[in-house]
Amino acid sequence: MAQAMRPNTVGGLFATDGKPHPLQDTLMAVTLVLGITSFVTAQFDFLHLLSSWTGLVGILTGGYGQWISVTTRERFGLIVGLGASAVGFFLGMAHGGLFGGL
């Protein structure tokens, strides 16, 4: 019955270790905001500069966030933000690119 005394460390998808991670949480939030911005603005051809740049920065911040992430919750948010950033970046590149189609 020793297992009855141990805390349940196997949680759900958003399990955390109970410690604060301000840098990782900030990177996750920034990546999600950049990803959503990039994805939404990629739906309009004339906003290709905004979508491609926010997508590129979102990919970079999300990659660094993945590198230093600690918990599954952080990694899940980063992957969602990275995916949205990548789609927005690629659509922005297809509509005109980072520099306006020079």
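**Focus: the packing of aromatic side chains**
When we look at a pair of aromatic rings, we describe it by the centre distance and by the angle of the planes. Counted according to the given criterion, the structure contains 4 aromatic pairs. Ring plane angle 45° and centroid distance 6.0 Å describe the contact between Phe44 and Phe46, whose orientation is recorded as tilted. For Phe46, a relative accessible area of 66% gives the class exposed.

**Things to note about the confidence of the model for the protein**
Per-chain confidence: the protein averages 88 in pLDDT, with 83% of residues scoring 70 or above. Element-level pLDDT for the protein is lowest in helix α3 (residues 72–95), with a mean of 95, against a maximum mean of 97 in helix α2 (residues 48–68).

**Concerning the packing of helix α1 (residues 22–41) against α2**
The N-to-C vectors of α1 and α2 enclose an angle of 155°; their axes lie 8 Å apart at closest approach. Here α2 runs roughly antiparallel to α1, going by the angle between their axes. Regarding α1 and α2, the two cross each other, and that crossing is left-handed. Note on element contacts: α2 touches α1 through Leu50, Ser51, Thr54, Gly55, Val57, Gly58, Thr61, Gly62, Tyr64, Gly65 and Ile68, opposite Leu23, Gln24, Leu27, Val30, Thr31, Leu34, Thr37, Ser38 and Thr41.

**Focus on the environment of Gln24**
As for its position among the elements, Gln24 is in helix α1. Sequence separation between Gln24 and Leu78 is 54 residues; the distance between their C-alpha atoms is 9.4 Å. If near-sequence neighbours (up to four positions away) are discounted, Gln24 is found in contact with Ile68, Ser69, Val70 and Glu74. Among the polar contacts listed, one links the side chain of Gln24 to the backbone oxygen of Ile68, at a separation of 3.1 Å.

About the cut-offs
- Residues numbered from 1 in each chain as written.
- Predicted model: local features only at pLDDT ≥ 70, side-chain atom pairs only at ≥ 80, totals over all residues.
- Heavy atoms only, no water.
- Phe/Tyr/Trp six-rings, centres within 6.5 Å; stacked < 30°, edge-to-face > 60°.
- Buried < 20%, exposed > 50% of the residue type's maximum accessible area, 1.4 Å probe, protein only.
- pLDDT = per-residue confidence, 0-100.
- Helix = DSSP H or I, 4+ residues; strand = E, 2+ residues; numbered from the N terminus.
- Axes fitted to C-alpha atoms, helices over the stretch in contact; angles between N-to-C directions.
- Parallel < 35°, antiparallel > 145°, perpendicular 65-115°, else oblique.
- Left-handed = near helix turned anticlockwise from the far one by under 90°.
- Contact = heavy atoms within 4.5 Å.
- Polar contact = N/O pair within 3.5 Å; in protein donor to acceptor, adjacent residues only side chain to side chain.

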